[in-house]
Amino acid sequence: MGYICLFDFESARDDDYRGNHHIWADFFYDHKPITIILRLNRQKLSDKLIPNSVRPKPVETDYVPAIAYVEAWYPEAISVSAIDSYIVTWLDSETRNLIFHEYSKDMVEELDELIDSIK
């Protein structure tokens, strides 16, 4: 349908999305050398955000597979003004731990420096 796929951890219950984390968790560390996640301001997405709870069920004719509980959609381009922060993730090769570091909108220069240092 041309929608933008999003993760929506706010609407799903912890037990639900943790129960199927093996399906979606790789997204956060499978992009080398880093993954940049955009934390979006839900209020700036207005009423157009399409939650997982309204997607067609497997027995319905419009059903399309999706990540249960956490996948949501937005039907049009998302404005940069909707970005609240940037979360950078990478897998520490020594400890094998997943590292998360969040940069606010005010820290974009630091984020740029990190990206430049990786290039």
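Residues numbered from 1 in each chain as written. Predicted model: local features only at pLDDT ≥ 70, side-chain atom pairs only at ≥ 80, totals over all residues. Heavy atoms only, no water.

**Observations concerning the pattern of salt bridges**
So, point 1. For the structure shown, the criterion picks out six salt bridges.
So, point 2. Between Arg39 and Glu102 there is a salt bridge, with its nearest N and O atoms 2.9 Å apart. A residue pair is termed long-range when its members are at least 10 positions apart, and Arg39 in strand β2 (residues 35–40) and Glu102 in strand β5 (residues 98–104) qualify at 63 residues.
So, point 3. A relative accessible area of 41% means that Arg39 is categorised as partly exposed. (Salt bridge = Lys/Arg side-chain N within 4 Å of Asp/Glu carboxyl O. Helix = DSSP H or I, 4+ residues; strand = E, 2+ residues; numbered from the N terminus. Buried < 20%, exposed > 50% of the residue type's maximum accessible area, 1.4 Å probe, protein only.)

**As for the pairing of β5**
So, point 1. When strand β4 (residues 83–91) meets β5, the two strands line up antiparallel, connected through seven bridges. For Thr89, the partnering residue across the bridge sits in β5 and is Phe100.
So, point 2. Between β4 and β5, which pair antiparallel and follow one another directly, the connecting turn spans six residues, one of which, Arg96, has a positive phi of 65°. (Pairing = 2+ DSSP bridges.)

**Comments concerning the sheet that holds β4**
So, point 1. Taken together, three strands build an open sheet; the order of strands is β2-β4-β5 and the sheet is antiparallel. Lying at the two open borders of the sheet, with one neighbouring strand each, are β2 and β5. The mean inter-strand angle of the sheet, taken between neighbouring strand axes irrespective of direction, is 25°.
So, point 2. Looking at chain direction, β2 and β4 are connected through six bridges and run antiparallel. Residue pairing across strands places Arg39 opposite Ser85, the latter belonging to β4. (Axes fitted to C-alpha atoms, helices over the stretch in contact; angles between N-to-C directions.)

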